[in-house]
Every structure is written in C-alpha cells, then in structure tokens.
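Listed below are the residues making up each chain.
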Amino acid sequence: MMNYSPLSRKRNTYSTREIKLVLVAISISLLLMSCGSSKPRVITTKAEAREFQQQNEVAAVPKRTQRTISKNTTERPVTEQEYEEVEVEEALVEPTIYDVAIDKAMQYEGVRYRYGGSTENGMDCSGLLNISFSEAGKQVPRNSRSFFDKADPIDVKEVRRGDLMFFATGRDRKRINHVALVVEVTPAEIRFVHATVSEGVKVSSFNEAYWLSKYRSAGRLF
C-alpha cells in the first residue's frame, strides 16, 4: 500500500482547479468568438463596398404580397365607384294651347282641300287653324286676313313653334290669302302645317322656293 504525503494531495487539488479554470477559459473564448461573428463588417476594399451596397438595396425593397382572386369571385375592382340611386320625380309639364292645336292639326294631315270647309270631309287653310285651336279650347278667327289682323307681328327670325306665317298666293302680291301654323323651328328650317289647294293638309318647309317667294309676314296669337 502506497502512502501519499500531504504535499502530493495538495498538488492533486491544484491540478483539478487548474483544469476547471482552463475549461472556463475555453468556454469564454468560444462565446466571444460566436458573439464576434455578429460584429459589424469592416469594409476595406471597393469591391466589398459595392457588395455591401447591393445587399442593402435588396433588403430595402419591400416584398410584394401577391393577391390571388379566383375566377368565380364576385369581388369588384377597387377603382369601381358605387353610386347611390336617387329617385327623381318627373315634373309633369302641361301642354300649351299651341301644343294641343298643333297635335290636332297634324291629325288632319292628308285631308283634301275644300274652300270654306273645316271638317274631315275637306277644309281650307283658315278652316284647319280654326278647328284646331277650337279643339284646344281657344276661339280664333275664321279667315286668313282676320288671323293676320289679330296676331302680333314678329320678325321671321323670332318665329317659334305655334306661331303663324302668312302668304300671298294670288295675283295680288300684297293681299294675305293663306295662313299656316308653325310646327317646328330648327337652325336649318321652319316647318309648318297648312291646307294647300293641290295636296290638302300637309307639312311644308319654308326652305321651299315657292313658299319662300310667297311669304309676307309672321305673327303670334297669344
């Protein structure tokens, strides 16, 4: 049996402590090395600087989130605007005397000419206007000259729907013997309904050479 002196036991004890210290030192070294890997990179060349800049630019670009919409989706595009439906009550416009008279006169279109007549069996120009305004609830003269005397004279440029136009179709170029009711006015022409000797009740245009040459005046009844 071998005997150990106190000095040898003490030396063995120191050896164990030294081993522990070495192990701790190694652990600390490894920890510092791992932490050192996260330290900022030191750029020493131009190539490293370019590489560092490119990495930062890529990192600065935000990732796009792709939105997938199935074909059967009912989702509308974000640019589509929704409008609130507003119920608008239509204003009722009462027809004027001129509107009713014109409508009545147009119903006689095609009726043959008959001097002194004012029915569907035949009528003259003043008879057409007389019955049309009468059915509209307004009493008016019976012959062309009386219409001319009653109406307020207006310039042909002021003529509007419902006005009257007077013509002299006989030998006397100054004697009013024909009257017509204006049914439409546009920048291009004036159209009027009247009863003609040759074609009965019809709509003619003021652009027609014959009526343009026979025109004498225009007037407004009301």
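Preceding block: the structure.
To start, this report covers the structure provided alongside it. Bear in mind the structure is a predicted one, so any value in this text is a computation, not a measurement.

Scoring rules and cut-offs
Residues numbered from 1 in each chain as written. Predicted model: local features only at pLDDT ≥ 70, side-chain atom pairs only at ≥ 80, totals over all residues. Heavy atoms only, no water. Phe/Tyr/Trp six-rings, centres within 6.5 Å; stacked < 30°, edge-to-face > 60°. Helix = DSSP H or I, 4+ residues; strand = E, 2+ residues; numbered from the N terminus. Buried < 20%, exposed > 50% of the residue type's maximum accessible area, 1.4 Å probe, protein only. Pairing = 2+ DSSP bridges. Salt bridge = Lys/Arg side-chain N within 4 Å of Asp/Glu carboxyl O.

Counted under the stated rule, the structure contains 10 aromatic pairs. Relative to Tyr215, the ring of Phe167 lies with its centre 6.1 Å away and its plane at 75 degrees, an arrangement referred to as edge-to-face. One end of the pair, Phe167, is in strand S4 (residues 164-167); the other, Tyr215, is in strand S8 (residues 215-220), and 48 residues separate them in sequence. Tyr215 matches Phe167 in its accessibility class, with the two residues each being buried. Ring plane angle 90 degrees and centroid distance 6.3 Å describe the contact between Phe192 and Trp211, whose orientation is recorded as edge-to-face. You can see Phe192 sitting in strand S6 (residues 190-196) and its partner Trp211 sitting in helix H6 (residues 209-214), a full 19 residues away along the chain.

On a regular strand, each side chain points to the face opposite its neighbour's, so the side chains alternate between the two faces of the sheet. Within S6, 6 of the 7 residues are buried, which leaves it mostly tucked inside the rest of the structure. Alignment of S6 against strand S7 (residues 200-205), held across 6 bridges, turns out to be antiparallel. Paired with His194 across the strands is Lys202, a residue of S7. Here S6 hands over to S7 after 3 residues, the two strands then running antiparallel side by side.

Right, let's talk about the pattern of salt bridges for a bit. With the rule as written, the count across this model stands at 7 salt bridges. One salt bridge in this structure joins Asp99 and Arg161, with 3.2 Å as the shortest N-O distance. Here Arg161 lies in the loop between strand S3 (152-154) and S4 and Asp99 lies in helix H3 (residues 97-107), a separation of 62 residues in the sequence. The partly exposed category is assigned to Arg161, whose relative accessible area is 38%. A salt bridge links Lys202 to Glu199, with the nearest nitrogen and oxygen atoms 3.1 Å apart. According to the relative accessible area criterion, Lys202 is buried, its value standing at 19%. Judged by relative accessible area, Glu199 falls into the exposed class, the value being 51%. Each member of the salt-bridge network shares a partner with another, and the members are Glu184, Glu189 and Arg191.

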